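Fold and contact review
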Amino acid sequence: MNMMPIDWIVVLCALALLYAVSYVVKKYMVGVSDFLVAGRSVGRYLGMGSGSMAGLGAITILAIWQMGYKSGFVGNWLWSYQFPFAILLGLTGFGVFRFRRTRAMTIPQLIEMRYSRKLRILCGLTTYVSGVLNMGIFPIAGANFIVFFCGLPTHVDLLGISCPTVLLIMIILVGISVLICLTGGQVALVITDFLQGVFVSVILFGFVIIVYKTMRWSHFVEAYQIMDGSRALVDPFVRSGSSDFGLGFFLIQIFWMFYLIVAWSPDTMQVSSAKDAKEAKLMRSLLQFKYLIGASMGLFVLPLAAYVIMHHNDFADMAAKANFILQDVDNPYL
């Protein structure tokens, strides 16, 4: 895909809108609690909308699509087992009520209250190192996707120096996020995440409509019967020839969901920013229903449709175009 001027205008307008919103709501940030936890004023519906985007980035979407493409219907079936556990977590208030009783705004603050300032500093250094490693993977993966998807050159001349385009895109992506954070704090993050969540939900639902209009169920049946070992992609009791995304992978996901209940920063901020513990509990429960009914359709259906395009004769022309682009990428991980 080559970006046309109208495409860049849409992208720039969207980014300008997000920053404009963060600047407008800046007036509501008058203290430390507003910057860190949005003044503890977030309701269930605003929190549900913003929570769906707090941990969703390009690399997350691509990872889910890779899982769906590699594991087929079986992967989606196993992935859906997370939702009952997630809804149970939300309804029981696990990790919410006890944390809110401490009146701490952040996990580092809680560590100092419970233990010592030295332990808080040690945990802070650990978080800093892991954050640097994280920010060396997530943004560069998103930047690589943008470069290849938009057909951008791999290098550009900047003041007479050949600079990788991926590096520039990564700086822009991180810079925009930091700018919004510093402008309006958690207040701006909650509202801009909510706007992005609405936009992404509409787009994913639109993708599902396009797939519904373009493909028939027979296409899926035939595509998943053509390839050798494809039965492992539709029958969860067939293990021969299955992908790396097996039962163990999804059990790890369920464990990860419990483990990160008050350890993952976006998740903790969501709980801390709620009006009270009851609102936080409802926020989490509603968020899982939104995942299950809304975003999951696009995130689950699209990789299955991509598999059909790449393996069904009716879509051979589209598959040829995709393979023509992919053959120029030397790195298999890209």
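Provided above is the structure to which this section pertains.
The rules behind each value
- Residues numbered from 1 in each chain as written.
- Predicted model: local features only at pLDDT ≥ 70, side-chain atom pairs only at ≥ 80, totals over all residues.
- Heavy atoms only, no water.
- Helix = DSSP H or I, 4+ residues; strand = E, 2+ residues; numbered from the N terminus.
- Rg over C-alpha atoms; globule rule 2.2 N^0.38 Å.
- Buried < 20%, exposed > 50% of the residue type's maximum accessible area, 1.4 Å probe, protein only.
- Contact = heavy atoms within 4.5 Å.
- Lys, Arg positive; Asp, Glu negative; His and termini not counted.
- Charge placed at Lys NZ, Arg CZ, Asp CG, Glu CD.
- Patch = residues over 30% accessible without salt bridge, like charges linked within 9 Å, V, L, I, M, F, W, Y side chains within 5 Å.
- Areas by Shrake-Rupley, 256 points an atom, 1.4 Å probe, with all protein chains shown as cover.
- Salt bridge = Lys/Arg side-chain N within 4 Å of Asp/Glu carboxyl O.
- Pairing = 2+ DSSP bridges.

Some points on the overall build of the protein
Along the protein, the regular secondary structure elements total 15 helices and two strands. For 334 residues, the compact-globule formula gives about 20 Å, and the C-alpha radius of gyration of the protein, at 22 Å, lands near that figure. Counting only C-alpha atoms, the protein reaches 60 × 55 × 35 Å along its principal axes. Burial status across the protein gives 37% buried among its 334 residues. Excluding contacts between residues fewer than 6 apart, the proportion of contacts in the protein whose partners are at least 24 apart in sequence is 76%. Each charge class in the protein was averaged separately, 23 positive and 16 negative side chains, and the resulting centres sit 18 Å apart.

Details of a nonpolar patch on the surface
A surface patch of nonpolar side chains, amounting to about 370 Å² of accessible area, comprises Leu46, Phe194, Leu195, Val198 and Val202. No other element matches helix α10 (residues 165–214), which puts four residues into the nonpolar patch. Along the polypeptide, leucine 195 turns up in helix α10.

Focus: the pairing of strand β1 (residues 155–158)
The pairing of β1 with strand β2 (residues 161–164) spans four bridges and is antiparallel. By the bridge assignment, histidine 155 is partnered in β2 with proline 164. Between β1 and β2, which follow one another and run antiparallel, lie two residues, and leucine 159 among them has a positive phi close to 55 degrees.

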